[in-house]
Amino acid sequence: MAELTEEELAEMLRGLNPCVDAIQTAGSDVPDPSKGGSMTGPTADDTPPT
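Residues numbered from 1 in each chain as written. Predicted model: local features only at pLDDT ≥ 70, side-chain atom pairs only at ≥ 80, totals over all residues. Heavy atoms only, no water.

Engineer: I tried to follow the overall build of the protein on my own but got confused; where do I start?
Structural biologist: Within the protein, the regular secondary structure consists of one helix and zero strands. Buried residues in the protein amount to 0% of all 50 residues. Counting only carbon and sulfur atoms, one obtains 59% of the accessible surface of the protein, whose full area is about 4700 Å². (Helix = DSSP H or I, 4+ residues; strand = E, 2+ residues; numbered from the N terminus. Buried < 20%, exposed > 50% of the residue type's maximum accessible area, 1.4 Å probe, protein only. Areas by Shrake-Rupley, 256 points an atom, 1.4 Å probe, with all protein chains shown as cover.)

Shown next, in the form of structure tokens:
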């Protein structure tokens, strides 16, 4: 990255904003297990489901 110009770095950072927004939006769709939502994946004790 040391070889990139300031303009190239600024363009890369501008491109990251939509990615961050998309991740935040997708994360808001995940149910909150503390509010009684259903959750798939590892169990409460971090052991994978069988």
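There's plenty left to go through after this.
Engineer: What am I meant to see in a negative patch on the surface here?
Structural biologist: A contiguous patch of negative charge, built from Glu6, Glu7, Glu8 and Glu11, is present on the exposed surface. Within the element layout of this structure, Glu8 appears in helix H1 (residues 6-28). (Patch = residues over 30% accessible without salt bridge, like charges linked within 9 Å, V, L, I, M, F, W, Y side chains within 5 Å. Salt bridge = Lys/Arg side-chain N within 4 Å of Asp/Glu carboxyl O. Lys, Arg positive; Asp, Glu negative; His and termini not counted. Charge placed at Lys NZ, Arg CZ, Asp CG, Glu CD.)

Engineer: Is there a simple way to think about a nonpolar patch on the surface in this case?
Structural biologist: Nonpolar side chains collect at one region of the surface, where Leu13, Leu16 and Val20 lie side by side and expose about 270 Å² of accessible area between them. Note that Leu16 resides in helix H1.

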